[in-house]
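# Observations on the three-dimensional arrangement
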Amino acid sequence: MEKKSLINRREFLAGSTAAAVGTHLTARKAWPARSDSQPPFVTGVPGKKLVGCYMYSLDDILNPKYMDALQKKLGVNVILFSPLIKLPEWLLEMNPLDGKRTLVARGHTEDDSGVHKAVEEAHSRGMDFWLYYTGHHYGEESRSIISETFEGIKFLDLPRVKYSLENMRTSCFAKPVVKEYEPACFSYGAKTYNVDSMYVSHYRYANPSFWPNLFGCACPYCQEEAVKMGYDFAGMKKAMMNLRRRLERLDKNTVEHAAKYRLTFTDFLTLLGDDDGVMDWIVFRAKVVGNQMKRINSAVRTATDGRCGFISDTHNATLSIFVGHNYADFFDGASDAFHPLSWCAYQHIGAVAAWANQLCNWVPGLDDTTAIKAVTAFFGWDELGLPDEKVFKVLGLKSADDKYSSKTFYEMFNPDLTIKLLSHEWTRLAAINRGRLPAHPVIKGDVWPEKVCRELIDRADDLGLTGYVFQRTDVFIDRGKL
């Protein structure tokens, strides 16, 4: 396969991508009609069941025995891979991160022959290839573009939250350098490597278990975005600051009533909110993320004449809007599919533990059981049957100072709680989606036993979801016996 030479920034931006890299948003284009012998064989093809698999090394992709097993045993027809790619100098110069790391692209290499081999191998097997980027969670190297709270505190400087397993610090989505660089970087990868979709993970705010991040990003650029979109930034700020003060001053009786009578999210907005400001803020901060995703999607499709799409993974329906993913934005072109993640502790139950513990810290005399019941009612998870004697027990910990272990967590969670939680969430997704976008949740083929994986695969099929994606395959395929 003849490799494409690197093009310079002027040539790239002078082409068909230039319009999409701008700040305006364009509607999603459909994948063009193709023959059965041309990729994409699966991605975006109506009626095609998508069975994906994350790949973690080029050796695995070029291992014929493993690839045969993926196709024959599991029906895998899409691979997701995150290699180093060869970035042109002009893109490296645009990179907003300090040091050697690059925003969104995994990193730069002078030899990208392995990427071309991986794409070639997938296509030769009739499989689609998704080039996997990673999004907005970085460390000190992101300080120049990091999000900040209403008080101007940079997310890098926020303290950790007890029992939050996802204390990630998020970069801003509205800073001009980010808005310019990301569509260019995504569309460059799509155009250069002949991939069938650009896929990105971590393109979101942190899980709400790390609750201080809900009070940002409120930097000057996000304030400008609010004005452009017609939001009252001062009103949203006032409402959110009032919300925090009122939460900190809750009394024991109120929380007990909330636990007993199952106060929901909308009930709490009525109880603690300030006009429409809290809901406006939650929707607005998601809109900032969604608009940038639309710019990226538009740039990718324009650069490839509709050949390549853009898919972001996301949280499940209950928590998606809190991480900056409004499903309404996905329907409007932010992502070509729903790809909900399945980290039961990190992305679901960690929020229960962190919020319940915070309530106990704020409310004098509040016991763990009442706090847990109030939070699970808020999320709609009160019927799952989580342990509620002590906050630490919902994460499978032996004491309040015990370190989280996925092994001990899943010893408690598998099989019943895992199946109950994800069946609940995927059913909510199916009800909201109504088949409008492809939907393929993640099946975790290492920390879940095969029985759990098989049952959830059946559940996805029963709900009419369009497929699923394996993250690890250890419980299905013994590589030592290939």
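Everything here concerns the structure above.
Residues numbered from 1 in each chain as written. Predicted model: local features only at pLDDT ≥ 70, side-chain atom pairs only at ≥ 80, totals over all residues. Heavy atoms only, no water.

### Observations regarding the sheet that holds strand β7 (residues 442-444)
Each strand in a sheet pairs with its neighbour through backbone hydrogen bonds, running either in the same direction (parallel) or in the opposite one (antiparallel). Reading across from one edge, β6-β5-β4-β3-β2-β1-β8-β7 is the order of the eight strands in this open sheet, with parallel pairing throughout. Each edge of the sheet is formed by a strand with only one pairing partner; in this case those strands are β6 (339-340) and β7. Summarising the sheet, strand β1 (residues 50-55) and strand β8 (residues 467-471) pair through four bridges and their orientation is parallel. When the bridges of β8 are listed, Gly 52 appears paired with Val 469. Relative to strand β5 (residues 309-314), helix α12 (residues 277-303) is tilted by about 150 degrees, and along the sheet it contacts β4 (197-201) and β5. (Pairing = 2+ DSSP bridges. Helix = DSSP H or I, 4+ residues; strand = E, 2+ residues; numbered from the N terminus. Contact = heavy atoms within 4.5 Å. Axes fitted to C-alpha atoms, helices over the stretch in contact; angles between N-to-C directions.)

### A word on helix α10 (residues 252-261)
Within α10, burial applies to Val 255, Ala 258 and Ala 259. The buried residues of α10 occupy one face: seen down the axis, they fall within an arc of 95 degrees. Turned more than 90 degrees from where α10 packs its buried face, Lys 260 and Tyr 261 sit exposed. The inward-facing, buried residues of α10 contact α11 (265-272), α14 (345-362) and α15 (368-379). The distance from a side-chain oxygen at the start of α10 to the backbone nitrogen of Asn 253 is 3.1 Å, and the residue carrying that oxygen is Asp 251. Looking at the residues trailing α10, positive phi occurs at Arg 262, about 55 degrees. (Buried < 20%, exposed > 50% of the residue type's maximum accessible area, 1.4 Å probe, protein only. Arc of directions from axis to C-beta. Polar contact = N/O pair within 3.5 Å; in protein donor to acceptor, adjacent residues only side chain to side chain.)

### Topic: the pattern of salt bridges
If you walk through the whole model with that rule in mind, you get 22 salt bridges. For Asp 60, the salt bridge identified is with Arg 479, shortest N-O distance 2.7 Å. Taken together, the residues span a long stretch of sequence, with Asp 60 in helix α3 (residues 58-61) and Arg 479 in the segment after β8 at a distance of 419 residues. Overall, Asp 60 belongs to the buried group, its relative accessible area being 13%. A salt bridge links Glu 225 to Lys 179; the shortest N-O distance between them is 2.9 Å. (Salt bridge = Lys/Arg side-chain N within 4 Å of Asp/Glu carboxyl O.)

### Observations concerning the packing of α12 against helix α13 (residues 327-334)
Packed helices, taken two at a time, are described by the angle between their axes plus the distance between the axes. Two elements in contact, α12 and α13, have axes whose closest approach is 9 Å; the angle formed by their N-to-C orientations is 20 degrees. As far as their axial angle goes, α13 and α12 are roughly parallel. Considering the relative orientation of α12 and α13, their crossing is right-handed. Facing α12, whose interface residues are Ala 286, Lys 287, Gly 290, Met 293, Lys 294 and Asn 297, α13 presents Asp 329, Phe 330, Asp 332, Gly 333 and Ala 334. Class assignment for the residues of the contact of α12 with α13 results in four nonpolar, three polar and four charged. (Parallel < 35°, antiparallel > 145°, perpendicular 65-115°, else oblique. Left-handed = near helix turned anticlockwise from the far one by under 90°. Nonpolar A, V, L, I, M, F, W, Y, C, P; charged D, E, K, R; others polar.)

### Some remarks on the nonpolar core
Note on soluble globular proteins: their nonpolar side chains tend to be buried together. Counting residues in each nonpolar core, the largest one holds 149 residues, and the members touching the most others are Tyr 133, Met 198, Leu 395 and Phe 470. Among all residues touching Met 198, those that are not within four sequence positions of it are Leu 131, Tyr 133, Phe 186, Gly 189, Ala 190, Val 300, Cys 308, Gly 309, Phe 310 and Ile 311. (Core = buried A, V, L, I, M, F, W, Y, C linked by side-chain atoms within 4.5 Å.)

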